[in-house]
Amino acid sequence: MTRSEPLRPEPLTRRDASLKARARGSQAGLLGLLTLGAVAILLPFVWMILTAFKTPAEAYTWPPIWLPAKWSLANFTQLFDTIPFARMFFNSVWTSVLIASLNILSAAPAAYAFARLRFPGQGLFFGSHLLSLMIPWQVTIIPVFLLIRQLGWYDSFTALIVPSIASGFTVFLLFQFFRSLPRSLEESVLIDGGSWFTALRHVALPAAKGAIAAAWLFSFLGNWQSFIWPLIVLQSSEKMLLPVGLLSFQNQYSVNIPVLMAGATLSTLPTVIAYMFVQRYLTDAAITSGLKG
Amino acid sequence: MQNAAPLVTVPARKRRASPMRRQETLMALLLILPSTLGILAFAVLPIAASLGISVTNWGGLSKPNFVGLQNYATALQDPRATSALSHTLIYVLLAVPTGVLISLTLAVWINNLKAGWLCTVFRTVYYLPMVTIGVAVALLWQVLLAPQGLVNLVLGWLGVNGPNWLGSPAWVLPAVAIFSVWQGSGQGIILFLASLASVPKDLYEAAQLDGAKPFEAFRFITLPMISPTVFLVLVLSLIGALQVFEAVLVLSAGGPGDSSTTVALYIYKTAFTFFKMGYASALAWLLAVILIGLMVIQWRNQSKWVNYDQV
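Given the structure is predicted, the values throughout are model-derived calculations rather than measurements. (Residues numbered from 1 in each chain as written. Chains lettered and ligands numbered in written order. Predicted model: local features only at pLDDT ≥ 70, side-chain atom pairs only at ≥ 80, totals over all residues. Heavy atoms only, no water.)

### Examining the overall build of chain A
Rule in force here: By definition, any uninterrupted DSSP run of H or I lasting at least four residues is a helix, any uninterrupted run of E lasting at least two residues is a strand, and each is numbered from the N terminus. Restricting the calculation to C-alpha atoms gives the radius of gyration, and the globule rule supplies 2.2 Å times the number of residues raised to the power 0.38. Throughout this description, buried means an accessible area under 20% of the type-specific maximum (1.4 Å probe, protein chains only), exposed means over 50%, and partly exposed covers the range between. Contacts were defined at the residue level, with two residues in contact if any of their heavy atoms lie within 4.5 Å. Note on areas: Shrake-Rupley with a 1.4 Å probe; residue coverage comes only from the protein chains shown.
Scanning chain A from terminus to terminus reveals 14 helices and 0 strands. Starting at the N terminus and ending at the C terminus, chain A contains elements arranged as α-α-α-α-α-α-α-α-α-α-α-α-α-α. Relative to its length of 293 residues, chain A is extended, with a C-alpha radius of gyration of 26 Å against a globular reference of 19 Å. Considered along the principal axes of its C-alpha atoms, chain A spans approximately 80 × 75 × 35 Å. Scored against the burial criterion, the 293 residues of chain A give a buried share of 52%. Taking contacts inside chain A between residues at least 6 apart in sequence as the whole, the part at least 24 apart equals 74%. As displayed, chain A offers around 13,600 Å² of accessible surface, 65% of which is attributable to carbon and sulfur atoms.

### Section: the nonpolar core
This is how the line gets drawn: What is meant by a nonpolar core is a set of buried Ala, Val, Leu, Ile, Met, Phe, Trp, Tyr and Cys residues, joined one to another through side-chain atoms within 4.5 Å.
By size, the foremost hydrophobic cluster in this structure holds 190 residues, and its most contacted members are A:Y112, A:L174, A:F178, B:Y91, B:Y126, B:W141 and B:F272. Once you skip the residues sitting within four places of it in the chain, B:Y91 turns out to touch B:V96, B:L173, B:V176, B:A177, B:S180, B:A241 and B:V244.

### Some remarks on the interface of chain B and chain A
What counts, and what does not: Each of two parts loses accessible area, computed with a 1.4 Å probe, when they are put together; buried area is these two losses added. Any Lys or Arg side-chain nitrogen located within 4 Å of an Asp or Glu carboxyl oxygen qualifies as a salt bridge. As used in this structure description, the phrase polar contact means that two N or O atoms lie within 3.5 Å; if the pair is within protein, one of them must be able to donate a hydrogen and the other to accept it, and residues adjacent in sequence are counted only when both atoms belong to side chains. When residues are sorted by character, Ala, Val, Leu, Ile, Met, Phe, Trp, Tyr, Cys and Pro go into the nonpolar class, Asp, Glu, Lys and Arg into the charged class, and all the rest, Gly among them, into the polar class.
Across the contact, 109 residues belong to chain B and 108 residues belong to chain A. Interface area, chain B with chain A, both sides summed: about 9,800 Å², of which 76% is carbon and sulfur. By the criterion of area lost to chain A, the three top residues of chain B are B:L31, B:F42 and B:I133, representing 7% of everything that side buries. On the surface where chain B and chain A come into contact, there are 0 salt bridges. One can count 17 residue pairs in polar contact (both at pLDDT 80 or more) joining chain B with chain A. Counting residues per element, the side of chain B that touches chain A draws most heavily on helix α1 (residues 18–53) of chain B, which supplies 23 residues. Considering only residue class, the side of chain B that touches chain A consists of 80 nonpolar, 21 polar and 8 charged.

### Thoughts on the packing of helix α9 (residues 184–191) of chain A against helix α10 (residues 196–207) of chain A
When two helices pack together, you describe them by how their axes are tilted relative to each other and by the distance separating the axes. All names here are of chain A. How we decide: Lines fitted to C-alpha atoms define the axes here, with helix axes fitted over just the stretch in contact, and angles between the N-to-C directions of these axes take values from 0 to 180 degrees. In this scheme, roughly parallel covers angles under 35 degrees and roughly antiparallel covers those over 145, while 65 to 115 is roughly perpendicular and the rest are oblique. Left-handed describes a crossing whose near helix is turned anticlockwise from the far helix by less than a right angle; the clockwise case is right-handed.
For the pair α9 and α10, the least separation of the axes is 9 Å and the interaxial angle reads 140°. The orientation of α9 with respect to α10, classified from their angle, is oblique. Like other packed secondary-structure pairs, α9 and α10 cross with a definite hand, here right-handed. Residue-level contacts link L185, E186, V189 and L190 of α9 to W196, T198, A199 and V203 of α10.

### Concerning the domain arrangement of chain B
Residue and element names in this part refer to chain B. Going by this rule: Start and end positions for the domains come from either an automated domain assignment or a database one.
Split by domain assignment, chain B resolves into domain 1 (18–70) and domain 2 (71–310). Each of domain 1 and domain 2 has a C-alpha centre, and the two are 32 Å apart. Domain 1 puts 12 residues into the contact, and the matching count from domain 2 is 11 residues. Taken over both partners, the interface formed by domain 1 and domain 2 buries close to 900 Å², and the fraction arising from carbon and sulfur atoms is 51%. On the domain 1 side of the contact with domain 2, S54, L69 and Q70 bury the most area, a combined 44% of that side's loss. For the interface between domain 1 and domain 2, the tally reads 0 salt bridges. The interface formed by domain 1 and domain 2 includes 12 residue pairs in polar contact (both at pLDDT 80 or more). Sorting elements by how many residues they give to the side of domain 1 that touches domain 2 places α1 first, with 4 residues. Broken down by class, the residue content of the side of domain 1 that touches domain 2 amounts to 6 nonpolar, 6 polar and no charged.

In structure tokens:
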């Protein structure tokens, strides 16, 4: 970008003032447009929560009414009476926590080895992890399902958890982090006669706390939202997780809209609220995940 | 983000004595063992198995018979497969350009805000749908898209008579696209924001001194600088949209009729409703070839663009 003519010092205070006013005006305009967008994002959530408190008659009125005449928890009570919602919620929580933790336990050491150590077969093994990221689920889901059924794991939590322990994505995320870590600290451990294990445990892992927290959150969220694999391998309603549970709830019981929205509200709010507190971690991981491809 | 350096780095330190080397190899194999076993058992071997299954007529229970490339030949002539492909492509054309354009616009607007806390607020709000359970928000949108729902109410204010979105073959794919854009634009926004933050500020100052208008600054500075990210978001959205599954399954179950049955949904039904594992595997490979092709194109471009390192 070259300047075509020299900048003349112009004492144009009035022009400056008008420029400033225009800048303020454009800021207000941006704010207005962005607020409009934010309303488009938030209004559906508001509608969901309001509907969860309406009577069926109120929910089916046209033109719709915004506020329920009486704020009652009847829909929530009916939700818990119709399906084992609490159990599904609990199933989702503990399996997501467990799988995310197992992901970290298996991925952190592997990512460290791929980033720092040199060993035969390194490219091949790392390539396998990348391959698992590239291959679409439509390809692997059929053989893995047949394998699970062969092993007698169908409709068990084992079928859900075991295939998810290793995560190519978590390995890749932590690999990126370890690779960016300065080498000097570990070198000093190694020169002092420490082993790679000492270097990993006392230098690399403490330094990676933030990256590991981000990877854990990302993995937790992925499992919390995971739909197709639980849909295929879990069948009995006491083993169902929230996403599939909500869908089967709608299909089997043909419940009315307010009860359905009560279920949607209760399954949406926890992560939305938690997200407010950890959003930085999560979006950082999401930015790195852009590479996942 | 990703840079051009090779993925597996070679340690800078000098070659150590052979016992040290052996110790390093042993240690490394131990560290990668759990993860590698999992990846081999549930990703690498299944890929090979899937290729094998795709040349049989296996139903999943009886003995599989080898049928050669029959399944692939069938797929190319199967009217339900081609119609699933055309539904998917219509959806891609509706959702991908709209989604990329909207998230780019919103990101540029957020980036131009002076108050930092407002940037955080908007980024957080726009990302919200990404942290929800897909089925829950899809059920919500089923309510919003009903003939007498919130969407048609808002359209009514604007003087537009809204269609029966999910009940008409013509409007069901646009409806799914609207839902996906609402749900997914946060992903593009945060990637664009990260990229926009890396554009050197002095470029804008220089342009301002030259009397460039805001749009010109965008066209000649911002856009070229973030073009690798635009391409990345475009490819990621394409890959996601070509596999659209959950949204159509919940919103319309592929209907009315077959009018919103996409490729991924057709593969799922072929395998798990009709138990044609061999045929479904062949279909999955045809889809995989398209998706992997896109990823390869993205990787090639990634190394071509120097700007990429600045993301």
